[in-house]
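Chain by chain, the residues:
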Amino acid sequence: MRRAQKLLLAGGVALIVAVNAFVLAGVAWNRSGVPDSALTLTQRELNLPYAFGLDGERGGVDVALLWRAPMRNDNDADSGFDMRYGTGPDWLDADKLRELGFDLKDERDAYRASREVYVVLELAGASWQAALARAQRSLDRALARGSADKQDADALKSAQEALMYEQDKASRLFAVDAGLDAAALRQRYPDLRSHAIVAATVTPSVTVIDQKTTFGGHIGEPSVARISVPHALRGAMEGVDRTALDSGRAAFEMDVAWGRRFEPWITAVRPRRPAPAG
């Protein structure tokens, strides 16, 4: 009995060692060679844990990737928020879904399917500029009304706050395309400093209005949506807490690389002072 227990224990230890070795080998392979992309992200695109810095305890720190998409409904009140809470990205239509391998012949079953694909995330590009322009147009319309009516005054205040949020706080990282071939996407988006390619799940959606069927889709979280801050880099976050970040009194930026398996890791962390108001 004792010999059997020893053999089981030895087998368990060997299995743990083998699994760890396999994981570490995968990490090393992902990070070998030139990164597929390397973006400099800030607190606008990387969300710290809710309690970070509130109790003085850092411990292990993971940041969550914050991204959005151009919305299908060009509503100025909606300045491009995360499409998981809206109608889906405007480019994810029936043609794109078919390109991604979805069979849309049976609309009753289409929404039940999902598939992992490659998604392009664009930093501070045309989609973010469009969101800024949309917020500015909303403000311009509110100013043009020039009414002292309370409803118009509230609309003006809301438009001003929306523009300020878009300029200073909203994520500038947008999902702008998807495909089955990562190499083909990289040829289409060659700038490694502004476009990252990630693996994520796409699920079709079906809308029927007045007997007209429209296909769209939603993108789930990237396969690796949370990124661990290496212990050696956590010292750079000293003095930064949730209250300071939320008020704008603190800011940070992190260099994030994606490797051969399109999995991210953090290569540098820098606290920084926000730009002076005005």
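Coordinates for the structure precede this section.
Before going into details, it helps to say that this report is about the structure given with it. What you see is a predicted model; the values in this text were computed from it and never measured. (Residues numbered from 1 in each chain as written. Predicted model: local features only at pLDDT ≥ 70, side-chain atom pairs only at ≥ 80, totals over all residues. Heavy atoms only, no water.)

**A look at the environment of Thr203**
Thought 1: The topology assignment puts Thr203 in strand E6 (residues 195-209).
Thought 2: Separated by 13 residues in the primary sequence, Thr203 and Gly216 have C-alpha atoms spaced 8.7 Å apart. (Helix = DSSP H or I, 4+ residues; strand = E, 2+ residues; numbered from the N terminus.)

**Describing the environment of Leu39**
Thought 1: Secondary-structure assignment places Leu39 in strand E1 (residues 37-42).
Thought 2: For Leu39, a relative accessible area of 1% puts it in the buried group.
Thought 3: Distance from Leu39 to Ala196, taken between C-alpha atoms, is 7.4 Å for residues 157 residues apart in sequence. (Buried < 20%, exposed > 50% of the residue type's maximum accessible area, 1.4 Å probe, protein only.)

**What to know about the sheet that holds E1**
Thought 1: Strand order in the open sheet formed by three strands is E1-E9-E10, with antiparallel pairing between adjacent strands. Of all the strands in the sheet, the pair left with one neighbour each is E1 and strand E10 (264-272). This sheet shows a mean twist of 20 degrees between the axes of neighbouring strands, independent of strand direction.
Thought 2: When strand E9 (residues 251-258) meets E10, the two strands line up antiparallel, connected through eight bridges. Bridge assignment links Ala251 to a residue of E10, and that residue is Arg272. (Pairing = 2+ DSSP bridges. Axes fitted to C-alpha atoms, helices over the stretch in contact; angles between N-to-C directions.)

**Structural notes on unusual backbone geometry**
Thought 1: In this structure, Ala124 is a non-glycine residue whose phi angle is positive, near 50 degrees.
Thought 2: For Ala124, the location among the structural elements is in the loop between strand E4 (115-123) and helix H4 (126-145).
Thought 3: For Phe262, which is not glycine, the phi dihedral falls at a positive 60 degrees.

**Focus on the pairing of E9**
Thought 1: Among the eight residues in E9, eight count as buried, and that is most of the element.
Thought 2: Along E9, one buried face is formed by Ala251, Glu253, Asp255 and Ala257 and the opposite face, lined by Phe252, Met254, Val256 and Trp258, is buried too.
Thought 3: Strand direction decides the pairing type here: E1 and E9, joined by six bridges, are antiparallel. Opposite Thr40, over in E9, you have Asp255 as the bridge partner.
Thought 4: In this structure, the hairpin formed by E9 and E10 is closed by a connection of five residues, where Phe262 is found at a positive phi of approximately 60 degrees.

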